Amino acid sequence: MNLMSVNVGVARERMIDGRSVLTAIGKHAVTGAVTVGPMGLAGDEQADPSVHGGLSKAVYAYPAEHYPFWQTVRAQAGVAGWDDVLPPGSMGENLTITGLLENQAWVGDVLRFPHCELAVSEPRFPCFKFNAAMGFKHALKLMAANAWCGFYLAVRSPGQVAAGESFELIPGPREVGITELFEARAAKLRG
């Protein structure tokens, strides 16, 4: 398992559906080691702390394996070219990872990096801002249909992370899976 990219962003006003909305979904990759504290990565912000951030949602990880899908559907929707590459951080994630998908992550699992430990806490539940970030109105529905939501991490041991580092998965109690938790909440929202 590998940390492909470390991404941070600041909250900015953006026009979404005809209104000005504060969002920090557009993260950008940074080089070198980034400090990880109890509330997340140095230099990163969340626009709405009622749904993002805090101790249990300090860091957001997203599997890079899903990026080709999003590039394809964006091209099919006509909002990007077929050769346009989505840069890491486009999903709003702090950590673009490889080798660990949602259906392999459980609440309480620990990602052990060389200088930091992060515990899987819950899936990310996307909002209307995700549609705007992807450029088409059905992105949220596609994320929900595939349960390709990524997952939040709580900081178990502060330290640093850097792109290119490997990490180890230390299994937790394995009682609640990220995919199952996401699907249960999505079903509840559908009614």
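Anything mentioned here points back to the structure above.
Given the structure is predicted, the values throughout are model-derived calculations rather than measurements. (Residues numbered from 1 in each chain as written. Predicted model: local features only at pLDDT ≥ 70, side-chain atom pairs only at ≥ 80, totals over all residues. Heavy atoms only, no water.)

**Concerning the overall build of the chain**
Moving on, step 1. The helix and strand inventory of the chain stands at four helices and twelve strands.
Moving on, step 2. A compact globule built from 191 residues would reach a C-alpha radius of gyration of about 16 Å, and the chain, at 16 Å, matches this within 12%.
Moving on, step 3. In the chain, which comprises 191 residues, the proportion classed as buried is 46%.
Moving on, step 4. Averaging the positions of the 16 positive and the 18 negative side-chain charges in the chain gives two centres separated by 8 Å. (Helix = DSSP H or I, 4+ residues; strand = E, 2+ residues; numbered from the N terminus. Rg over C-alpha atoms; globule rule 2.2 N^0.38 Å. Buried < 20%, exposed > 50% of the residue type's maximum accessible area, 1.4 Å probe, protein only. Lys, Arg positive; Asp, Glu negative; His and termini not counted. Charge placed at Lys NZ, Arg CZ, Asp CG, Glu CD.)

**Regarding empty space enclosed by the protein**
Moving on, step 1. Across all of its chains, the model carries one cavity of 30 Å³ or more by this definition.
Moving on, step 2. There is about 230 Å³ of room inside the largest cavity.
Moving on, step 3. For the largest cavity, the lining is made up of 22 residues, of which Ala24, Ile25, Lys27, His52 and Gly92 are closest to its centre.
Moving on, step 4. Looking at the lining of the largest cavity residue by residue, the classes come out as nine nonpolar, six polar and seven charged. (1 Å grid on protein atoms, 1.4 Å probe; cavity = no way out; pocket = protein on both sides within 12 Å on 5 of 7 lines; lining within 4 Å. Points joined across faces, edges and corners; volume = space filled by probe spheres on them. Nonpolar A, V, L, I, M, F, W, Y, C, P; charged D, E, K, R; others polar.)

**What about the side chain of Lys57?**
Moving on, step 1. Along the polypeptide, Lys57 turns up in the loop between β6 (40-41) and β7 (59-63).
Moving on, step 2. It is Glu122 that comes nearest to the buried, bridge-free Lys57 among opposite-charge side chains, at 4.3 Å.
Moving on, step 3. What Lys57 contacts, discounting residues up to four positions off in sequence, is Ser50, Val51, His52, Glu122, Tyr152 and Leu153. (Salt bridge = Lys/Arg side-chain N within 4 Å of Asp/Glu carboxyl O. Contact = heavy atoms within 4.5 Å.)

**Regarding the pattern of salt bridges**
Moving on, step 1. Under the defined criterion, the tally for this structure stands at four salt bridges.
Moving on, step 2. For the salt bridge of Lys27 with Asp44, the shortest nitrogen-to-oxygen distance reads 2.7 Å. Note that Lys27 is positioned in the loop between β3 (19-23) and β4 (28-30) and Asp44 in the loop between β6 and β7, a separation of 17 residues in sequence.
Moving on, step 3. The salt bridge involving Arg112 is made with Glu117; its shortest N-O contact spans 2.8 Å.

**A few points about helix α1 (residues 67-76)**
Moving on, step 1. Those residues of α1 that fall on the buried side of the exposure criterion are Tyr67, Trp70, Val73, Arg74 and Ala75.
Moving on, step 2. Its buried side turned inward, α1 meets β7, β8 (95-98), α2 (128-134) and α3 (139-146).
Moving on, step 3. Downstream of α1 by a residue or two, Gly78 has a phi angle that is positive, lying close to 80°.

**Regarding the layout of surface pockets**
Moving on, step 1. Quantified by volume, the second largest pocket comes out at close to 190 Å³.
Moving on, step 2. What lines the second largest pocket is a set of 14 residues, and nearest its centre among them are Val51, His52, Phe125, Cys127 and Arg185.
Moving on, step 3. Counting only elements with at least two residues in the lining of the second largest pocket, the list comes to β10 (115-123) and α2.
Moving on, step 4. Here the residues of the lining of the second largest pocket are counted per class, giving seven nonpolar, one polar and six charged.

**With respect to the packing of aromatic side chains**
For any pair of aromatic rings, the description rests on two quantities: the centre-to-centre distance and the angle between the ring planes.
Moving on, step 1. Taken as a whole and assessed by the stated rule, the structure comprises eight aromatic pairs.
Moving on, step 2. Relative to Tyr67, the ring of Tyr62 has its centre 6.2 Å away and its plane inclined at 75°; by these criteria the two rings are edge-to-face.
Moving on, step 3. Overall, the relative accessible area of 0% leaves Tyr62 in the buried class.
Moving on, step 4. The side chain of Lys57 reaches across the aromatic face of Tyr152, ending 5.8 Å from its centre.
Moving on, step 5. Above the plane of the ring of Phe125 lies Arg185, whose end atom (NZ or CZ) is 4.1 Å from the centre. (Phe/Tyr/Trp six-rings, centres within 6.5 Å; stacked < 30°, edge-to-face > 60°. Lys NZ or Arg CZ within 6 Å of the ring centre and 35° of its normal.)

**Quick notes on the environment of Thr72**
Moving on, step 1. Mapped onto the fold, Thr72 is located in helix α1.
Moving on, step 2. Thr72 sits in the partly exposed class, given a relative accessible area of 33%.
Moving on, step 3. Taking the C-alpha atoms as reference, Thr72 lies 20 Å from Lys129; in sequence the two are 57 residues apart.

**Some details on the nonpolar core**
Moving on, step 1. Ranked by internal contacts, the top residues of the largest apolar core, which has 44 residues, are Trp70, Leu95 and Phe151.
Moving on, step 2. The contacts of Trp70, once residues within four sequence positions are left out, are Tyr62, Leu86, Met91, Phe130, Met134, Phe136, Ala139, Leu142 and Met143. (Core = buried A, V, L, I, M, F, W, Y, C linked by side-chain atoms within 4.5 Å.)

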